[in-house]
Amino acid sequence: MTPRAADRARYDRATAHLDAPVAIVDLEAFDANADDLVRRAAGKPIRVASKSVRCRALLDRVLARPGFAGLMSFTLAESVWLARAGFEDVLLAYPSADRASFAELTSDPKLAGAITVMVDDPAQLDLVDRAREGDGLEVRVCLELDTSLQLFGGRVRVGARRSPLRSPAGLAELARSVARRPGFRLVGLMAYEGHVAGVGDAVAGSPLRSRAIRLMQAAARRELAARRAEVVRAVRAVVPDLEFVNGGGTGSVQHTAAEAAVTEIAAGSGLYVPRLFDNYTSFSGRPAALFAQPVVRRPGVGVVTVLGGGYPASGAPGADRLPVPYLPEGLRYDPQEGAGEVQTPLLGSAADDLLIGDKVWFRHAKAGELCERFEELQLVEGDRVTATVPTYRGEGRTFL
């Protein structure tokens, strides 16, 4: 029996009492992935990206492990919810225009002490001030550095369009603006290199493309390491007691941790290891989060149909944004139908061994987005479900 077949047998036994659709997290794999992230971070603390987990019980579990400290949230409303739930260090990774949550933040000492907001434009500070009731409380602020690699005078750009701040002078100027503005305190700097951390460099069947990605990423790491160090020096000249410099992501943990200017690493997807993280030369993880759909039809030889399953991930549309049929091995989509909203035909010889009611296990393309489809996660240890925990959705929270 192959390791994947053994996993399928375990998951089927663990969930035999549960009807599909069902979502699980294999705790042994989850913990092993957490240990690998800590190993690669080489002593620097890892701030957990909540959008990649979206389950408070699992956030608690990973933060209880050595090597992890703090959360990186994705909306201000989520940040407020997490802080009220007892999480004491929440860095909001994106600027917000949520005036109601800013009013709440600036009027509650617990929230103001726990949450750090992201800023890359003075207009974002103006929005906070307009949301305050009276003078309000001091707001903790983090500045974001644009990490994109720009070539040929900026005519070619590689990387996400995030912050407009690129240069040490630009970051220092905004740092001075925050430092002299009442009601704000600059405490951190963030730089997320998604074109390195979130892009696999070993594309199956594409050796030339893989080599091009590795060359691009090597150049991007060199350029960013030098520029990030300069930016940190410039910002610390304005705010010597800067608390943290955050960088990285699951795919670049060890590279970012090697930079002296960086004090902490952000990561989250590496805990679940969705399919987009299969194609890296720098690390390999164990799939920990899966979902199962039930077989409901057998249209013919070599074909079964499962209920639903069309859960595409965000990003540029493409086949790599679809979940992948994972267990049993050897199933694939019908190219004329793909992953459907209410039914999904699957082709392959493995289909002939499946009966009505059997489970087909899938891996989502991305990490936390799976939790937007399920209210509960079944936590599996060995061949047993040892706990059932709510996702954000299961707690009635859908922040985006």
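Scroll up a little and you will see the structure.
Conventions and cut-offs
Residues numbered from 1 in each chain as written. Predicted model: local features only at pLDDT ≥ 70, side-chain atom pairs only at ≥ 80, totals over all residues. Heavy atoms only, no water. Helix = DSSP H or I, 4+ residues; strand = E, 2+ residues; numbered from the N terminus. Buried < 20%, exposed > 50% of the residue type's maximum accessible area, 1.4 Å probe, protein only. Polar contact = N/O pair within 3.5 Å; in protein donor to acceptor, adjacent residues only side chain to side chain. Contact = heavy atoms within 4.5 Å. Salt bridge = Lys/Arg side-chain N within 4 Å of Asp/Glu carboxyl O.

Asks: Can you help me understand the side chain of Ser96 in this one?
Replies: Looking at the element boundaries, Ser96 is found in the loop between β4 (90-92) and α5 (99-105). Since its relative accessible area comes to 18%, Ser96 is described here as buried. Of the polar contacts made by the side chain of Ser96, one reaches the backbone nitrogen of Asp98; its length is 3.0 Å. For Ser96, the contacting residues outside a window of four places in its chain are Leu76, Phe102 and Leu127.

Asks: Looking at this model, I keep getting lost on the pattern of salt bridges. Mind explaining?
Replies: Pairing is possible between side chains that carry opposite charge, provided their charged atoms lie close to one another. Per the stated rule, a full pass over the model turns up 32 salt bridges. A salt bridge links Arg10 to Asp26; the shortest N-O distance between them is 2.7 Å. With Arg10 in helix α1 (residues 3-14) and Asp26 in strand β1 (residues 22-26), the pair connects residues that are 16 residues apart, well separated along the chain. Neither residue differs from the other here; Arg10 and Asp26 are each classed as buried. The partner of Asp383 in a salt bridge is Arg13, with the nearest N and O atoms 3.2 Å apart. One end of the pair, Asp383, is in the loop between β18 (376-381) and β19 (384-390); the other, Arg13, is in helix α1, with 370 residues separating them in the sequence. For Arg13, a relative accessible area of 49% gives the class partly exposed.

Asks: I keep staring at unusual backbone geometry and nothing clicks. Help me out?
Replies: Residues apart from glycine generally show negative phi values, whereas peptide bonds are mostly found in trans. A cis amide bond links Ala20 to the next residue, Pro21, at an omega of 5°. Tracing the backbone through its elements, the reader meets Pro21 in the loop between α1 and β1. At the junction of Leu327 and Pro328, the peptide bond is cis and its omega measures out at 0° in the coordinates. Inspection of the secondary structure assignment puts Pro328 in the loop between β14 (324-327) and β15 (332-333). Although it is not a glycine, Ala42 sits at a positive phi angle of roughly 55°. Looking at where Ala42 falls in the secondary structure, it is placed in the loop between α2 (27-41) and β2 (46-49).

Keep in mind these values describe shape, not function.
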